[in-house]
Amino acid sequence: MSDKIRIGVLNSGGDCPGLNAVIHGVTGAAHQLGWEVVGFRDGFEGLLPPGNHMMLDPIKTAGIAKLGGTILGTVNKGHFVSIIGKDNVQRVPSEIMDQAKATLERLDVRALIVVGGDGSLTTALQIQKEGIPVVGVPKTIDNDLEATAMTFGFDSAITAVVDALDRLNTTADSHKRVMVLEVMGRHAGWIALHGGIAGGADIILVPEIPFTHEKVAEAVLDRERRGYHSTLVVVAEGACPVGGTLTGTDMGGSGQIRLKGVSDAVAYEIEARTGKETRSCILGHLQRGGSPTALDRILGIRFGVKAVSLIKEGLFGHMVSYQSYHVGSVPIEKAVEKLRNVDPNGELVTSAKAIGISFGHP
Ligand code: F6P
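Because the structure is a prediction, the values reported are computed rather than measured.

A.B. asks: Help me get a handle on the packing of aromatic side chains, residues and values and all.
C.D. replies: Under the definition given, this model contains 2 aromatic pairs. With a centroid separation of 6.1 Å and 75° between ring planes, the pair formed by Phe-152 and Phe-303 is classed as edge-to-face. In this pair, Phe-152 sits in the loop between β5 (134-138) and α4 (154-175) while Phe-303 sits in helix α8 (residues 294-313), placing the two residues 151 residues apart along the sequence. For Phe-152, a relative accessible area of 0% translates into the label buried. Stacked on the ring of Trp-190, the Lys or Arg Arg-340 has its end atom at 5.8 Å from the ring centre.

Quick look at the structure:
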């Protein structure tokens, strides 16, 4: 066994541009302190015996900050799931926890950095209750954790949305068509809202503002009357018409609907109600893959470095958080309890409306 302090890092849940930047930041900062870093593969699953892990050092992580995905691999299901569906917290089985604890003890890991969303951080807290010190790093491409003003991956996602809208714009203009782009955002419409405003969308539909097909069609016809013969619509995958339900495939036992297809329904209704030729396009995982933007690389590295300093300060059970241009921390317990949703009366929606963007609400 080494005399050096050894810490672990894992990422869990859906991947997100900037994860490798976090790993780079953690590894660099830990090695400056003379610590060793164990990277666990495939999320918490890497904690199961015999322990699927790799030793990380600055040579291994050189140049990874610019890469999308994660060199550690990840899963968003498996043995450690602690939130099923929305707000339904369950305990990870004790025999699984015992196995994870045994792996961490055998590898002499003194503290574990968990990079994940609200579900993974809830699991992290359960691990901490087993006596393993934990610190968290928030990871949500949807940028919907109240406790941090910004998460890495979001800027890369909206950059992909803007790129898609720029491309759809030229073909929409040429054919005088309506183009409907579906983007990620299960409970929160931040990707649709930011991507839509920056990409010049004319109509933005988000989960927080139920829409009606009549109002969406009216907005298209109104544009037509004003001489605009093409229209760009951005719809978040979790947006619903008033009184309607989510569009997607029920995956049975998992309690989650795999969202997909609301753009088809919106496009169909627009064409039926306006007579305008309309096409739909689902951006899907193109907005989650690929290289992180400069902003996400920097944010990821800063979050990784801060996670190591939280361990150094003994601030266990805390999560890195970005507030007012400063990387600080908040207790994980507080951080996971509240998601941040788009405020229908907030400044961003109001600004969008001020430049003529419709949200399709009655
Ligand atoms: O929560 C992040 C998210 O990107 C959602 O917006 C989306 O519904 C989901 O992940 C997709 O997950 P998967 O990779 O399992 O299809």
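A.B. asks: How would you explain the environment of Gly-68 if you had to name every residue and give the values?
C.D. replies: The residue Gly-68 is located in the loop between β3 (53-56) and α2 (94-106) in this model. Residues Gly-68 and Gly-290, 222 residues apart in the sequence, show an inter-C-alpha distance of 4.7 Å. Aside from chain neighbours lying at most four places away, what touches Gly-68 is Asn-20, Gly-290, Ser-291 and Pro-292.

A.B. asks: Now, about the packing of α4 against helix α5 (residues 190-198): what can you tell me, with residues and values included?
C.D. replies: In contact at an axis separation of 8 Å, α4 and α5 are set at 50° when each is read in the N-to-C sense. Taken together, α4 and α5 sit at an angle that is classed as oblique. Here α4 and α5 pass one another in a crossing that is right-handed. Contacts between α4 and α5 involve Phe-154, Ala-157, Ile-158, Val-161, Val-162 and Leu-165 from the first element and Trp-190, Ile-191, His-194, Gly-195, Gly-196 and Ala-198 from the second. Looking at the contact of α4 with α5 residue by residue, the class counts come to 9 nonpolar, 3 polar and no charged.

A.B. asks: Describe the packing of helix α6 (residues 213-225) against helix α7 (residues 262-274), and please don't skip the residues or the numbers.
C.D. replies: Between α6 and α7, the least distance of the axes is 9 Å, while the angle of their chain directions is 60°. Taken together, α6 and α7 sit at an angle that is classed as oblique. The two elements α6 and α7 meet at a crossing, and its hand is right-handed. From α6, His-213, Glu-214, Val-216, Ala-217, Val-220 and Leu-221 reach across to α7, where they touch Ala-265, Val-266, Glu-269, Ile-270, Arg-273 and Thr-274. Its residues placed into classes, the contact of α6 with α7 shows 7 nonpolar, 2 polar and 3 charged.

A.B. asks: With reference to specific residues and values, describe helix α3 (residues 118-129).
C.D. replies: Since one α-helical turn is 3.6 residues long, residues separated by three or four positions face the same way. Taking 1.5 Å per residue as the helical rise, α3 with its 12 residues ought to reach 16 Å, and the 17 Å between its terminal C-alpha atoms agrees with that figure. For α3, the tally of buried residues reaches 9 of 12 residues, placing the bulk of the element in the interior. In the core, the buried residues of α3 are packed alongside α2, β4 (111-116), β5, β12 (318-323) and α9 (332-336). Gly-131 lies just past α3 and shows a positive phi near 100°.

A.B. asks: Outline unusual backbone geometry, supporting the account with residue identities and numerical values.
C.D. replies: Here the bond from Pro-49 into Pro-50 is cis, since omega is 5°, no more than 30 degrees from zero. If you trace the backbone, Pro-50 turns up in the loop between β2 (36-40) and β3. With a phi angle near 55°, Asp-42 is a residue other than glycine that sits in the positive phi range. Relative to the elements of secondary structure, Asp-42 occurs in the loop between β2 and β3. In this structure Asp-42 comes out as partly exposed when scored by relative accessible area, which is 31%. Positive phi is not limited to glycine here, since Asp-108 has a value of about 60°. Along the chain, Asp-108 turns up in the loop between α2 and β4.

A.B. asks: I'd like to hear about the sheet that holds strand β11 (residues 278-282), residue by residue, with values.
C.D. replies: In spatial order, the strands read β7-β8-β6-β11; together these 4 strands make up an open sheet with parallel pairing. Pairing within the sheet leaves two strands with one partner each, and these edge strands are β7 (203-205) and β11. Across this sheet, the average inter-strand angle for adjacent strands is 15°, counted without regard to direction. In the packing of α4 onto the sheet, contacts are made with β6 (178-183) and β8 (231-236), and the angle to β6 comes to roughly 165°.

Cut-offs applied
Residues numbered from 1 in each chain as written. Predicted model: local features only at pLDDT ≥ 70, side-chain atom pairs only at ≥ 80, totals over all residues. Heavy atoms only, no water. Phe/Tyr/Trp six-rings, centres within 6.5 Å; stacked < 30°, edge-to-face > 60°. Helix = DSSP H or I, 4+ residues; strand = E, 2+ residues; numbered from the N terminus. Buried < 20%, exposed > 50% of the residue type's maximum accessible area, 1.4 Å probe, protein only. Lys NZ or Arg CZ within 6 Å of the ring centre and 35° of its normal. Contact = heavy atoms within 4.5 Å. Axes fitted to C-alpha atoms, helices over the stretch in contact; angles between N-to-C directions. Parallel < 35°, antiparallel > 145°, perpendicular 65-115°, else oblique. Left-handed = near helix turned anticlockwise from the far one by under 90°. Nonpolar A, V, L, I, M, F, W, Y, C, P; charged D, E, K, R; others polar. Expected span 1.5 Å × (residues − 1). Pairing = 2+ DSSP bridges.

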